[in-house]
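Now for the letters of each chain:
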Amino acid sequence: MPANSCVFGLDAGATQTRLCAHSLAEKPDLKLFGSAANVFRQGESQAAEILSCLINEALEKLPKADLLAIHAGVAGASAPSTQKALADRIRSLVAGNDSLQISISHDGVTAIEGALGGEGGLLFIAGTGSGVMARTEKNHPQIDHVGGWGYLIGDEGSGYSIGRRGMAAVGHAFDGGPATTLTDLTRDRLNIHDRYSLLNNISSPDWKFQHVAPLVLEAANDADAVALSIVHNETALLARQSEWLLKKHPDLSPRFTITGGLSNHEFYVASMCKAMKRVWPAANYTPPTGTPLEGAVRIAMRLVTGFGAPQ
């Protein structure tokens, strides 16, 4: 294999697109950042343009590179037809040779590939939204997922759901319901001190329920009964979804990890671990092994070695 051989991995989400040019000769990686690329928000053509611009920028910085494979995890790219359309469009815009391999997946696939280090197990995605993913350990691994239905009908255990229930608890306390320290926290941090300020805040187009979730976790960590009930109920609902994956994949490696903003809160992780002990007693929690960008590079390497991208 030529000394200048490399692969590109891309992680394209709602905030930004990241690229890693990984050398097969163990040279330092090149990392670049570009605009967000989300198929749902921008459409296939614009998402492909953003990815292609970043790829071509990397090629300009590595003029002697022999690019063998590209894998991109793209938000909103779940459908096979969308993945093919993106790959075809990128190929037409990138100055690569005919043998260049290009594959596209949903960004959750690169997330689980990075988080589990290419091994089997479960991944809980717990950010603004939520979902659960499974990866088998075969040479041709399968990726499966449940949840991820959005805030209208799902996203149990997410920042949005926990924050919404936290604000509901504050409203109930104003009405004479169970007392909670969330009323003090939202008064001091968010200037919500009565029914009218609460309604005014949550009616604002800039309001984000997920920003209340850290306050709920803080109150729960301080043993507030209302906040404890919210966190434990929400994590139990998210953990329960893993049962559906375990029924389909009974030989899954007994390990799980958590990514997303809520994974940075120790109390949330502890609550998820407690909920999972009831669902899957044999499983152990391990922190994420790597990032989605590292997962994209790993999948690109699989293309080179002939194993192909996880399905």
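This text goes with the structure placed above it.
Since the model is a prediction, treat every value here as computed from it, not as a measurement.

Basis of the calculations
- Residues numbered from 1 in each chain as written.
- Predicted model: local features only at pLDDT ≥ 70, side-chain atom pairs only at ≥ 80, totals over all residues.
- Heavy atoms only, no water.
- Helix = DSSP H or I, 4+ residues; strand = E, 2+ residues; numbered from the N terminus.
- Rg over C-alpha atoms; globule rule 2.2 N^0.38 Å.
- Contact = heavy atoms within 4.5 Å.
- Areas by Shrake-Rupley, 256 points an atom, 1.4 Å probe, with all protein chains shown as cover.
- Lys, Arg positive; Asp, Glu negative; His and termini not counted.
- Charge placed at Lys NZ, Arg CZ, Asp CG, Glu CD.
- Buried < 20%, exposed > 50% of the residue type's maximum accessible area, 1.4 Å probe, protein only.
- Core = buried A, V, L, I, M, F, W, Y, C linked by side-chain atoms within 4.5 Å.
- Phe/Tyr/Trp six-rings, centres within 6.5 Å; stacked < 30°, edge-to-face > 60°.

Glancing now at the overall build of the protein chain. The helix and strand inventory of the protein chain stands at 10 helices and 10 strands. A globule of 311 residues ought to have a C-alpha radius of gyration of about 19 Å, and the protein chain, at 22 Å, matches this closely. Once the C-alpha set of the protein chain is aligned to its principal axes, its extents read approximately 70 × 45 × 35 Å. Relative to all contacts within the protein chain whose residues are 6 or more apart in sequence, the contacts with residues 24 or more apart total 68%. Total accessible area computed for the protein chain in this model is approximately 14,900 Å², and 52% of it derives from carbon and sulfur atoms. Taking the 26 positively charged and 30 negatively charged side chains of the protein chain as two groups, their mean positions are separated by 3 Å.

Before going further, it helps to examine unusual backbone geometry. As a rule of thumb, non-glycine residues mostly have phi less than zero, and peptide bonds are mostly trans rather than cis. With a phi close to 60°, Asp 155 is a non-glycine residue in the positive phi region. If you trace the backbone, Asp 155 turns up in the loop between strand 8 (143-147) and helix 4 (159-174). With a phi angle near 70°, Ala 223 is a residue other than glycine that sits in the positive phi range. Mapped onto the secondary structure, Ala 223 falls in the loop between helix 7 (213-221) and helix 8 (225-248). Note on Ala 223: relative accessible area 56%, which makes it exposed.

Turning next to the side chain of Ser 253. Looking at the secondary structure, you find Ser 253 in the loop between helix 8 and strand 9 (255-259). Residue contacts for Ser 253: discarding those within four places in its chain leaves Gly 120, Gly 121, Glu 137 and Trp 280.

This part is about the nonpolar core. Among the nonpolar cores identified, the biggest contains 44 residues, and Leu 122, Phe 124, Leu 182, Val 216, Tyr 268, Met 272 and Met 276 are the most heavily contacted of them. For this core, the secondary-structure elements that each account for two or more residues are strand 6 (121-126), strand 7 (130-135), helix 4, helix 5 (182-190), helix 7, helix 8, strand 9 and helix 9 (266-279). Look past the residues within four positions of Met 276 in its chain and what remains in contact with it is Leu 122, Phe 124, Ala 239, Ser 242, Phe 256 and Pro 281. By size, the runner-up hydrophobic cluster in this structure holds 29 residues, among which are Leu 54, Val 74, Leu 86 and Ile 90.

What follows concerns the packing of aromatic side chains. Counting across every chain of the model gives five aromatic pairs. Seen in terms of ring centroids, Tyr 151 and Tyr 160 are 5.0 Å apart; in terms of plane orientation they differ by 45°. Their pairing is tilted. Taking the relative accessible area as the measure of exposure, Tyr 151 reaches 51% and is therefore exposed. When the centroid spacing of 6.0 Å and the interplanar angle of 85° are considered together, the rings of Trp 207 and Phe 209 count as edge-to-face. A relative accessible area of 17% means that Trp 207 is categorised as buried. Here Phe 209 falls in the buried class, since its relative accessible area comes to 14%. Three or more aromatic residues joined by ring pairs form one cluster here, namely Tyr 151, Tyr 160, Trp 207 and Phe 209.

Nothing here speaks to function; it is geometry throughout.
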